[in-house]
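# Geometric and topological summary
The chain contents come next:
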Amino acid sequence: MAGRNLFSLFSGKTILLADDSDMNNSVTRAILERYGMNVIVAQNGAEAVELFRQSEPFSFCAVLMDIAMPVMDGFEASKEIRKLERPDSSTTPIIAVTASVEPSEKQKTYDCGMNDFLTKPFAPESLCKIIGKYLE
């Protein structure tokens with residue numbers, strides 16, 4: 001995906017980023033903001049669920065969900081988002097972001113309602129490609 005295409009695809013969209021690492025949040029935010037995307041950060045899964053719950057329906061174009069977080073992990077947070085009674089809870093893409101490459105972990109992401117899987121560390125192109133897939 002070329003930069004200009006990403007800008008037109010991402011510009012003005014808002015994504016929910018759930019990760020307890022300030023460094024990961026800074027890097028991911030910088031990549032996405034470069035293309036005009038708004039990034040809302042949650043420090044744990046419980047905060048991500050609450051931010052999603054309090055947002056207007058269809059506010060988020062996607063959720064980037066770390067798996068290993070304190071308070072509530074990404075698996076539980078994804079299940080909770082999917083259970084919310086609102087029109088976008090079942091359709092907003094949730095993308096697992098994790099350092100694990102275990103096949104069983106990948107399957108577990110799909111089992112709890114996530115749509116896709118991105119392994120850390122990731123290249124900016126990989127991040128943009130996976131998000132772009134759901135915006136096109």
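These remarks concern the structure in this document.

What counts, and where the lines are drawn
Residues numbered from 1 in each chain as written. Predicted model: local features only at pLDDT ≥ 70, side-chain atom pairs only at ≥ 80, totals over all residues. Heavy atoms only, no water. 1 Å grid on protein atoms, 1.4 Å probe; cavity = no way out; pocket = protein on both sides within 12 Å on 5 of 7 lines; lining within 4 Å. Points joined across faces, edges and corners; volume = space filled by probe spheres on them. Helix = DSSP H or I, 4+ residues; strand = E, 2+ residues; numbered from the N terminus. Nonpolar A, V, L, I, M, F, W, Y, C, P; charged D, E, K, R; others polar. Phe/Tyr/Trp six-rings, centres within 6.5 Å; stacked < 30°, edge-to-face > 60°. Buried < 20%, exposed > 50% of the residue type's maximum accessible area, 1.4 Å probe, protein only. Lys NZ or Arg CZ within 6 Å of the ring centre and 35° of its normal.

A full pass over the atoms with the stated rule returns one cavity of 30 Å³ or more. Within this model, the largest cavity holds a volume of roughly 40 Å³. Lining the largest cavity are Leu 17, Asp 19, Asn 24, Asn 25, Thr 28, Val 97, Lys 120 and Phe 122. Examining the composition of the lining of the largest cavity, we find that three residues originate from one element, helix α2 (residues 22–33), more than from any other. Taken together, the residues of the lining of the largest cavity break down into three nonpolar, three polar and two charged.

Time to look at the packing of aromatic side chains. Applying the stated rule across the entire model yields two aromatic pairs. Aromatic pair Phe 10 and Tyr 35: ring centres 6.2 Å apart, planes at 90°, arrangement edge-to-face. Highlighted residues: Phe 10 in helix α1 (residues 3–10) and Tyr 35 in the loop between α2 and β2 (38–42), separated in sequence by 25 residues. Neither Phe 10 nor Tyr 35 differs from the other in exposure class; each is buried. Relative to Phe 60, the ring of Phe 52 has its centre 6.0 Å away and its plane inclined at 25°; by these criteria the two rings are stacked. Taking relative accessible area as the criterion, Phe 52 reaches 0% and is therefore assigned buried. Of the residues examined, Phe 60 reaches a relative accessible area of 8% and is grouped as buried. In this structure, Lys 108 is placed above the aromatic ring of Phe 75, and the distance from its NZ or CZ to the ring centre is 4.3 Å.

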